[in-house]
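# A closer look at the structure
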Amino acid sequence: MEPEIQIQGLSKTFGKSSRNDKALKNIDLSIESGEMVALIGPSGSGKSTLLRHLAGLSCGDSDSGEIRVLGQSVQCNGRLCSDARKIRARIGYIFQQFNLVGRMKVMTNVLTGTLGRVPGWRGCLGLFNAEERALALKCLNRVGMDAWANHRASCLSGGQQQRVAIARTLTQKAEVILADEPIASLDPESARRVMEILSDINSVDGRTVVVTLHQVDYAREFCRRAVALKAGEVVFDGPSEELTPSLLASIYGTTSFDVDGEPVKRRNTREPAKGFALAPAS
Ligand SMILES: Nc1ncnc2c1ncn2[C@@H]1O[C@H](COP(=O)(O)OP(=O)(O)OP(=O)(O)O)[C@@H](O)[C@H]1O
C-alpha cells in the first residue's frame, strides 16, 4: 500500500540563492498511515518549509520530484497539481500562532473547519446547520473548550486558542494533521495539554500527525519516530528513543546533551527542565 505521505526528491530554493543556500535539499521521506512523527532540527533547518510543501502551501524547485498525500499528488516538478485544493481539504494545518479570527466567536472559528464541505454561499453567510453545530460542539468538548463556545476567540489564552485550532481541524475531519510548532509559544502546562490532545487524536482516531518541535523531550515522549533536518537535509530518521545526546549534539551543533536530550548547561537553571526550546551554544 502507498504511504500516506510520500516525498521524493524535494528541493526548495528561495529567491536567487545559490545551490548551497537551498532551504530543502533533495528530501526523500515516507510516512505511513497512523504514524505520529516529530520533525526536529535547529532553527532555519527547513522544518516549516517542508511542512508547508506537504500541504501545498509552497511549491518546490522546478527540478523537484513529487509530493503525494493520501494517495494523490499535491505537487510535481515544482507545480501544484490541479486537485491540490481537494487534498488540502483533507489536511489539517495547525499554526504556531493559531490563525483564529479574534473577533469571531470560538464556535464560528471551529465551524470554519466545515467550509471545505458546505456549499460556498452557506459558508459565506455563516449559515451552519444543526448537525454542523453539533459536530463543532463535540469537537470543542473533545479538547475541553466547549464551555467557551460563545466567547470571542481573542478572550482566550494561547493554550486555549491552540486547542480551539485543533477542534477546527477535527471539525474539518482532517485525515492528516500537520502541526507547525504548535507549542512554541505556550507555557509548559499548555504545551503538554496540546501534545496530549494531538497524541490522543493519533492513537484513538488513527490520524497521521506530523509535528515540528523544538523540544526534543516532547518529541521523544509523544512521537515514536523522529525526523531531524539540518541545513535542509534529513540527517536522522528513526525511533525518537535513538536520539542520543551525542546525536543531538551533532544535529543542533551544541556540545552537551544529557540522557533526557536536554543541554546540560540548562540543568542548573531554576526553570523546570522539561519542555524548553533548544538553542545553539554560543
Ligand atoms: N519566505 C521565505 N523567503 C526566503 N527565505 C525563506 C522563506 N521561508 C523560509 N526561508 C528560509 O528557509 C530556511 C528554512 O526556514 P524554515 O522556516 O523552514 O526553518 P525552520 O527549521 O522551520 O526554522 P524555525 O525552527 O526557526 O522555525 C531558512 O534559511 C529561512 O531563512
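Being a predicted model, the structure only gives us computed values, none of them experimental. (Residues numbered from 1 in each chain as written. Predicted model: local features only at pLDDT ≥ 70, side-chain atom pairs only at ≥ 80, totals over all residues.)

All right, on to the packing of helix 6 (residues 158-171) against helix 7 (residues 188-205) then. Where helix 6 meets helix 7, the axes come as close as 9 Å, and the angle between the chain directions of the two elements is 10°. Relative to helix 7, the element helix 6 is oriented roughly parallel. From helix 6, G158, G159, Q162, R163 and I166 reach across to helix 7, where they touch S190, R193, V194 and I197. Class assignment of the residues belonging to the contact of helix 6 with helix 7 gives a composition of three nonpolar, four polar and two charged. (Axes fitted to C-alpha atoms, helices over the stretch in contact; angles between N-to-C directions. Helix = DSSP H or I, 4+ residues; strand = E, 2+ residues; numbered from the N terminus. Parallel < 35°, antiparallel > 145°, perpendicular 65-115°, else oblique. Contact = placed C-beta atoms within 7 Å. Nonpolar A, V, L, I, M, F, W, Y, C, P; charged D, E, K, R; others polar.)

Right, let's talk about the domain arrangement of the protein chain for a bit. Domain boundaries assigned for the protein chain yield domain 1 (1-90 + 180-190 + 207-282) and domain 2 (99-174). On the side of domain 2, five residues touch domain 1, which itself brings seven residues to the contact. Within the side of domain 1 that touches domain 2, the residues separate by chemical class into three nonpolar, two polar and two charged. (Domains from an automatic or database assignment.)

Taking 1.5 Å per residue as the helical rise, helix 5 (residues 130-142) with its 13 residues ought to reach 18 Å, and the 18 Å between its terminal C-alpha atoms agrees with that figure. When helix 5 is considered as a whole, its buried residues turn out to be A136, C139 and L140. The buried residues of helix 5 all sit within an arc of 100° when viewed along its axis, so they share a single face. Across from the buried face of helix 5, at angles greater than 90 degrees, the exposed residues are A130, E131 and A134. Contact partners of the buried residues in helix 5: helix 3 (106-111) and helix 6. Among the residues trailing helix 5, G144 stands out with phi positive, at a value near 70°. (Expected span 1.5 Å × (residues − 1). Buried ≥ 20, exposed ≤ 12 C-beta atoms within 10 Å, placed from the backbone. Arc of directions from axis to C-beta.)

The next point concerns the site of the ligand. Taken together, the neighbourhood of the ligand is formed by F14, G15, A23, G41, S43, G44, S45, G46, K47, S48 and T49. Residues of the shell around the ligand, tallied by class, amount to two nonpolar, eight polar and one charged. (Near = placed C-beta within 6 Å.)

Although it is not a glycine, N77 adopts a positive phi angle of roughly 50°. Mapped onto the fold, N77 is located in the loop between strand 5 (72-76) and strand 6 (79-80). With 13 C-beta atoms counted inside 10 Å, the residue N77 sits in the partly exposed group.

Another point: the sheet that holds strand 3 (residues 36-40). The sheet built from six strands is open, its strands ordered 7-8-9-3-10-11 with mixed pairing. Looking along the sheet, the strands with just one partner apiece sit at the ends: strand 7 (91-94) and strand 11 (233-239). Within the sheet, the average angular offset between the axes of one strand and its neighbour, ignoring direction, is 15°. Both strand 3 and strand 10 (residues 225-230) contribute to a ladder of four bridges, which runs parallel. Bridged to V37 within strand 10 is R225. (Pairing = 2+ DSSP bridges.)

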